Structures are given as structure tokens and as C-alpha cells.
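# An overview of the molecular structure
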Amino acid sequence: MAEAGTSSAFQFDVDASFRSCLVDMVDECLLHKPEGMSAEAFFAEHLEQILLPLAAECRESRPENPAEFVRAWIEWQAREGGLPAIPLDYMLAWCNKSRLQERDRQSELQEIRRRYLMLEEGLRRTALGRCALLAVAANDRAALASVLAKSGLDNPTGDQSQQPSHQALVASEAVSCRMEPEVINSMGLVLNALKDQGINSASTAFSHFGPEEDQNAFTEDWAVDCNTLLAELQQLKVLQFRQAAHLVEA
């Protein structure tokens, strides 16, 4: 809050989790300070006596949404006549502006979630896509880069010769369309079981299903012998044999 000319007493009183919200509001109020009046003087004369009890109530209440708490407190004070006209008008202006900004952020967040769910749904329909999701969930950048490279998507230079062929894309789409919800659900059960065993990266998961004498080979081409995979899936005890066999075939 030092940027807004706050006193040391206020800096000690305010809780850090609400600092950004209060800084924004103070900055809005300072836009309207009289010419020739310093920010420190305006804060001391008009803002500090209001923000000290507000910060104390925020700190005591620990609201999940500090900005909404601050807006509600200011608007309640306005209805009760508990605040002087200066800086009440400026604070109410901040309330309106911040509420609109929060609505915009929520709309943007909802759009991001919608796109993520669509992307996740599509990726879960292919083996490489599921590997990519596992790598992302484990924050394993190396494994994700390997998956992208093998799918032909890791092409920062835009070289068309490195792009997958039209026939490959058609074949991949055909496989994706045949992917059944049961297979996707089975894969989710397997991934959760692996996580319970501490296997959180894509490369470790594929090594887990490979033979001990040559596990490194499986992290290179993302291929696992069907019989080995079926046996390992049965040992996890999260799928019926029919489900495990169906997953291997997919």
C-alpha cells in the first residue's frame, strides 16, 4: 500500500490477502484528489480512518471473495450514511468498476474451462492424447514434449513437411470416433490406480507396463506389448477382465 501513501500503522493492520483489492480502491480514490494535495495527505485525511476498520473486518471475517466483501461493506456504509461524501463517491465508483471487471474475468474463466473440457474430451479418445493429459496432470514437460513430437504436433518452425499426412489424420480421426465411453472410463480408473502407487508421469507409467529388462525402450516409442499390458492391468484390480481386454484392444 506504500504506493498510495499509506501510513505505517495501516500497513501493519491490513492483511496481505486483501492488499491488492484495497490498493486498487485507493488508487481509484487518488485519481480524484484535489490538485496540489499530496497522496499522503489525501490518504491520511480521507481514507485511512475508513480503511483501518474495513481492513480489520476483512481480516477477521476471512471472506472467500475479499473484493465482494469490500464492495458490500462500502455499499452498506453508504446506505447507513456512515461515510462522508468524500471519499464515498470515489469508493462507490470503484465498486461498480471492480464488479464489472470481475464479471469479465468470470466470463473469461468460463470460456477457458469450456475450451479445456472440449480439448480434454478430444484427447481422451486417443492413446497419445491420454498420454498428453497424464503428462500435463503430472506437470511432466519432458513427457509432454515427447508425446507432441510423436504426434507430429511439436513443430514450432511451421515446417509443413513435419506435419502429419492427411491419411494419418483421417486414420487418427477414425480411431477416435470408434473410442467408446467405456474405454475412456477404464483409462481413467487405470490412471487413478497408478497415481495411488506414486506413478505420476507419463514416462514412468509406460515404464511400469514394460518388461524390467528393457523398460527404457518403452519410453522411446510409447508402445507396450499387449499381453504384458493385459497382465499388468489385471494386477491393478480396478477393471474386470473384459474391460481390461477391451482397453488393450482399443
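Everything here concerns the structure above.
These numbers come from a predicted model, not from an experiment. (Residues numbered from 1 in each chain as written. Predicted model: local features only at pLDDT ≥ 70, side-chain atom pairs only at ≥ 80, totals over all residues. Heavy atoms only, no water.)

### Let's talk about the packing of helix H2 (residues 19-30) against helix H3 (residues 39-61)
Worth spelling out the cut-off: Note on geometry: axes are C-alpha line fits, over the in-contact stretch for helices, and angles between N-to-C directions span 0 to 180 degrees. Counting from the N terminus, the helices are DSSP H or I runs at least four residues long and the strands are E runs at least two residues long. The crossing is said to be left-handed when, going from far helix to near helix, the turn is anticlockwise and less than a right angle, and right-handed when the turn is clockwise. Residue contacts are counted whenever heavy atoms from the two residues lie within 4.5 Å of one another. Residues are grouped as follows: Ala, Val, Leu, Ile, Met, Phe, Trp, Tyr, Cys and Pro are nonpolar; Asp, Glu, Lys and Arg are charged; every other residue, Gly included, is polar.
Close contact between H2 and H3 brings their axes to 11 Å; oriented N to C, the two are set at 145 degrees. Crossing angle aside, the handedness with which H2 passes H3 is right-handed. Two secondary-structure elements touch here, H2 through Leu22, Met25, Val26, Cys29 and Leu30 and H3 through Ala39, Phe42, Phe43, Leu47, Leu51, Leu54 and Ala55. Considered class by class, the residues forming the contact of H2 with H3 number twelve nonpolar, no polar and no charged.

### A word on helix H12 (residues 226-236)
Put simply, the test is: Exposure categories follow from relative accessible area, calculated using a 1.4 Å probe and restricted to protein chains: below 20% of the type maximum is buried, above 50% is exposed, and the middle band is partly exposed. Throughout, the arc means the angular range of directions from the helix axis out to the C-beta atoms.
Leu229, Leu230, Glu232, Leu233 and Leu236 are the residues of H12 that are buried. For H12, the angular spread of buried residues about the axis comes to 165 degrees, placing them on one side. Opposite the packed face of H12, turned more than 90 degrees from it, sit the exposed residues Asn227 and Gln235. Following H12 by one or two positions, Lys237 adopts a phi angle in the positive range, close to 60 degrees.

### Describing the packing of helix H4 (residues 66-80) against helix H5 (residues 85-123)
Their axes nearest at 10 Å, the elements H4 and H5 cross at an angle of 145 degrees. Crossing of H4 over H5 shows left-handed handedness. Residue-level contacts link Ala67, Glu68, Val70, Arg71, Ile74, Glu75 and Ala78 of H4 to Leu88, Met91, Leu92, Trp94, Cys95, Ser98, Arg99 and Glu102 of H5.

### Concerning the state of the cysteines
Put simply, the test is: Cysteine sulfur atoms that pair up within 2.5 Å are treated as a disulfide.
If you walk through the whole model with that rule in mind, you get zero disulfides. Left unpaired, Cys58 is separated from the closest cysteine sulfur, that of Cys21, by 7.0 Å.

### Considering the pattern of salt bridges
Formally: Salt bridges are identified by distance alone: a Lys or Arg side-chain nitrogen within 4 Å of an Asp or Glu carboxyl oxygen.
The full count for this structure, using the stated rule, is nine salt bridges. One salt bridge in this structure joins Arg99 and Glu75, with 3.1 Å as the shortest N-O distance. One end of the pair, Arg99, is in helix H5; the other, Glu75, is in helix H4, with 24 residues separating them in the sequence. For Glu111, the salt bridge goes to Arg114, with nearest N and O atoms at 2.6 Å. Within this pair, Glu111 and its partner Arg114 are both found in helix H5, separated by three residues, close to a single helical turn. Here Glu111 falls in the partly exposed class, since its relative accessible area comes to 28%. In this structure Arg114 comes out as partly exposed when scored by relative accessible area, which is 41%. Connected through salt bridges with shared partners, the residues Glu68, Arg71, Glu75, Arg99 and Glu102 form a single ionic network.

Read these as spatial facts, not as claims about activity.
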